[in-house]
Amino acid sequence: MELKVAIVANKEELTIQVVYRLRRLLAQAGIPEDPLQPTIVISVGGDGTLLSAFHQYEAQLYQVRFIGVHTGHLGFYTDWRDYELAEMVASLQNEEIKSISYPLLEVKIGYANGKPKRRLLALNESTIKRGNRTMVADVYIKDELFERFRGDGLSISTPTGSTAYNKSVGGAVLHPSINAMQLAEIASLNNRVFRTLGSPIVISDNDWLQIKLQHSSDYQVTVDQLDIPQDQMDTICYRIAQERIRFVSTRHMHFWHRVKDAFIGDSEAHEI
Ligand code: NAD
């Protein structure tokens, strides 16, 4: 594989210094930068930076592999520390760069006014919320009505996104080898009149979800950190995408180790 690198970085002071050192190391190793047609995208910053890098290069997933350097706390998509740049650049020079791929979420937004459907990809999740009003939506699984949802909103996440917003709204953490998406409720209304399942569900890659909105205004749709401006939206369809994201896996951390590191830490160290 021809090595051509693009760097996506945040604007933090430490990141700027790291990018400077990275550029020097890449030049010494004879690895060229090509921001338009890269084969490796190096993200320097945090998970948010990697999400931006993904969206910047999502049309080139067939040829691009990602690698994340973190300049803050350990991230979920960032494997390398800022002081390990030389080792990381050396690992890119190996004949055979190993990679690991993860599922992505396909989001298709349909409009009541006949506007063509819009297709997007999410690496973490997509959410639907409705301003300050109760969101009312019919949830279909594979064309069959499952429930009428009333509440603040819904989150639909990928396995790697399950540790992000999904976890904050009570969703389960899903191992990324499971090719599935997760639907989690955000503050559902549940009483003697209104009823939803009330727990997150995991939907396989053979199935799809359709969310049919009962009103046409005040909605906010997010795809990762992007707010999708929409008008007259009426149906959103979710499924596991054909495309996958590939990461350089030279030093990919064991998923459960990463979960423990991020959320539990060294619990004995907390004991008095
Ligand atoms: P950001 O970069 O500030 O990220 C917010 C936090 O989410 C950071 O601590 C980041 O490390 C963490 N994060 C991102 N992806 C993660 C993942 N896959 N697993 C575990 N932690 C993850 O903010 P941003 O650039 O706006 O990032 C957008 C993401 O932030 C969204 O995709 C959403 O998942 C997450 N988010 C979470 C909440 C919440 O938990 N209440 C609210 C808003 C956004």
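None of the values given here were measured: they were computed from a predicted structure. (Residues numbered from 1 in each chain as written. Predicted model: local features only at pLDDT ≥ 70, side-chain atom pairs only at ≥ 80, totals over all residues. Heavy atoms only, no water.)

Concerning the pattern of salt bridges
Selection criterion: Salt bridges are defined by distance alone: a side-chain nitrogen of Lys or Arg within 4 Å of a carboxyl oxygen of Asp or Glu. Helix and strand definitions follow DSSP, with helices as H or I runs of at least four residues and strands as E runs of at least two, each counted in order from the N terminus. Think of it in three bands: with a 1.4 Å probe and only protein chains considered, a residue is buried below 20% of the maximum accessible area for its type, exposed above 50%, and partly exposed in between.
Across all of its chains, the model carries eight salt bridges by this definition. Among the salt bridges present, the one from Lys4 reaches Asp34, with a minimum N-O distance of 3.7 Å. Residue Lys4 is located in the segment before strand 1 (5–9), and its partner Asp34 is located in the loop between helix 1 (13–28) and strand 2 (40–45); the two are separated by 30 residues in the primary sequence. Asp34 carries the same exposure label as Lys4, and that label is buried. The salt bridge partner of Glu33 is Arg23, with a shortest N-O separation of 2.6 Å. Here the residue Glu33 occupies a position in the loop between helix 1 and strand 2, and Arg23 occupies one in helix 1, the gap between them amounting to ten residues. Judged by its relative accessible area of 35%, Glu33 is partly exposed. Using a relative accessible area of 40% as the deciding quantity, one classes Arg23 as partly exposed.

Description of the site of the ligand
Defined as follows: Neighbouring residues are identified by heavy atoms, a residue being near a molecule or strand if any of them is within 4 Å of it. Distance and chemistry together define a polar contact, namely a pair of N or O atoms within 3.5 Å, with one atom able to donate a hydrogen and the other to accept it when in protein, and with adjacent residues in sequence counting only for side-chain atoms on both sides. Only the protein chains shown count as covering a residue, and every accessible area follows the Shrake-Rupley method with a 1.4 Å probe. Under the scheme applied, nonpolar residues are Ala, Val, Leu, Ile, Met, Phe, Trp, Tyr, Cys and Pro; charged residues are Asp, Glu, Lys and Arg; polar residues are all the others, including Gly. Segmentation into domains, and thus their bounds, comes from an automatic or database assignment.
In the vicinity of the ligand, 15 residues are found, and the nearest of them are Asp47, Glu125, Thr160, Thr163 and Ser168. One nitrogen or oxygen atom from the main chain of Tyr165 is found 3.1 Å from an oxygen atom belonging to the ligand. Within the complex, the protein chains bury 60% of what would otherwise be the 770 Å² of accessible surface of the ligand. For the shell around the ligand, the secondary structure elements donating two or more residues are helix 2 (47–56) and helix 4 (165–168). Counting residues per element, the shell around the ligand draws most heavily on helix 2, which supplies three residues. A per-class count over the shell around the ligand returns five nonpolar, seven polar and three charged. The residues that make up the shell around the ligand include at least three from each of domain 1 (5–98 + 249–270) and domain 2 (104–242).

A few points about the pairing of strand 15 (residues 233–248)
The two faces of a sheet get side chains in turn, since along a regular strand they alternate between them. Rule in force here: We call two strands paired when DSSP finds no fewer than two bridges between them.
The pairing of strand 5 (residues 99–111) with strand 15 spans twelve bridges and is antiparallel. Looking at the pairing, Leu105 lines up with Ile240 of strand 15. Sheet analysis places strand 12 (residues 209–213) next to strand 15, joined by four bridges and oriented antiparallel. Each bridged residue has a counterpart across the sheet, and for Lys212 the counterpart in strand 15 is Thr235.

Section: the UniProt feature "active site" (unreviewed entry) in the chain
Definition in use: UniProt positions are given in the numbering used here, feature names are shortened, and annotations may be inferred rather than shown by experiment. Contact criterion: two residues are considered in contact whenever any of their non-hydrogen atoms come within 4.5 Å of each other.
Cross-referencing UniProt, the feature "active site" (unreviewed entry) maps to Asp47 in the present numbering. With respect to the helices and strands, the residue Asp47 is situated in helix 2. On the basis of relative accessibility, which here comes to 23%, the residue Asp47 falls in the partly exposed class. With sequence-adjacent residues up to four places away left out, Asp47 is seen in contact with Gly75, Phe76, Tyr77 and Thr78.

Overview of the domain arrangement of the chain
Under the convention used in this document: Here the quantity called buried area is the total loss of accessible area, with a 1.4 Å probe, experienced by two parts when brought into contact, counted for both.
Each assigned domain of the chain is listed here: domain 1 (5–98 + 249–270) and domain 2 (104–242). A separation of 29 Å is found between the C-alpha centroids of domain 1 and domain 2. In this complex, domain 1 contributes 14 residues to the contact, which on the side of domain 2 involves 17 residues. Note on domain 1 versus domain 2: buried area summed over both sides is about 1,300 Å², and carbon and sulfur give 72% of it. In this structure, the connection of domain 1 to domain 2 is made through zero salt bridges. Taken together, the elements giving at least two residues each to the side of domain 1 that touches domain 2 come down to helix 2 and helix 5 (255–263). Among the elements that take part in the side of domain 1 that touches domain 2, helix 2 stands out by supplying six residues, more than any other. When grouped by side-chain class, the residues that make up the side of domain 1 that touches domain 2 number ten nonpolar, three polar and one charged.

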